[in-house]
Amino acid sequence: MDHGRHHAATRQFLMSQPTPSSHAAETYKNSVLLPKTDFPMRADLVKREPVRLEKWEKAGLYEAIQTRRKNQAAIPVLMLARM
């Protein structure tokens, strides 16, 4: 089977299908139960991560976590041997 021709035919078929109207898209959007959040639900991590890291650095978050962990008792870990 010629996969290149098959993929081209599939792509052509998909492109020929009508796209949903804005009304249909809006109706669907309103029918999905998504949580209401105070934070943006976007995938722009590349832009937002440097800002978040700078904020954590200014707040001394890493040092605070290290200090708190240093003062905590060690958590025993149970090692299970193969039987």
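Residues numbered from 1 in each chain as written. Predicted model: local features only at pLDDT ≥ 70, side-chain atom pairs only at ≥ 80, totals over all residues. Heavy atoms only, no water.

Caption draft 1: Examining the overall build of the chain more closely. Each helix and strand in the chain was counted, giving four helices and zero strands. Seen in sequence order, the chain has helices and strands lined up from the N terminus as α-α-α-α. Across the 83 residues in the chain, those meeting the buried criterion constitute 2%. Of the roughly 9,100 Å² of accessible surface on the chain, 61% is carried by carbon and sulfur atoms. (Helix = DSSP H or I, 4+ residues; strand = E, 2+ residues; numbered from the N terminus. Buried < 20%, exposed > 50% of the residue type's maximum accessible area, 1.4 Å probe, protein only. Areas by Shrake-Rupley, 256 points an atom, 1.4 Å probe, with all protein chains shown as cover.)

Caption draft 2: Spotlight on the pattern of salt bridges. For the structure shown, the criterion picks out two salt bridges. Here arginine 48 makes a salt bridge to aspartate 44, at a shortest N to O gap of 3.8 Å. Exposure remark for arginine 48: the relative accessible area of 33% places this residue in the partly exposed category. Here lysine 58 makes a salt bridge to glutamate 54, at a shortest N to O gap of 3.3 Å. With lysine 58 and glutamate 54 both in helix H3 (residues 45-59) and four residues apart, this pair spans about one turn of that helix. (Salt bridge = Lys/Arg side-chain N within 4 Å of Asp/Glu carboxyl O.)

Caption draft 3: A look at the confidence of the model for the chain. Averaged over every residue, the pLDDT of the chain is 77; residues scoring 70 or more account for 77%. When mean pLDDT is taken per element in the chain, H3 scores highest with 90 and helix H1 (residues 3-16) scores lowest with 71. (pLDDT = per-residue confidence, 0-100.)

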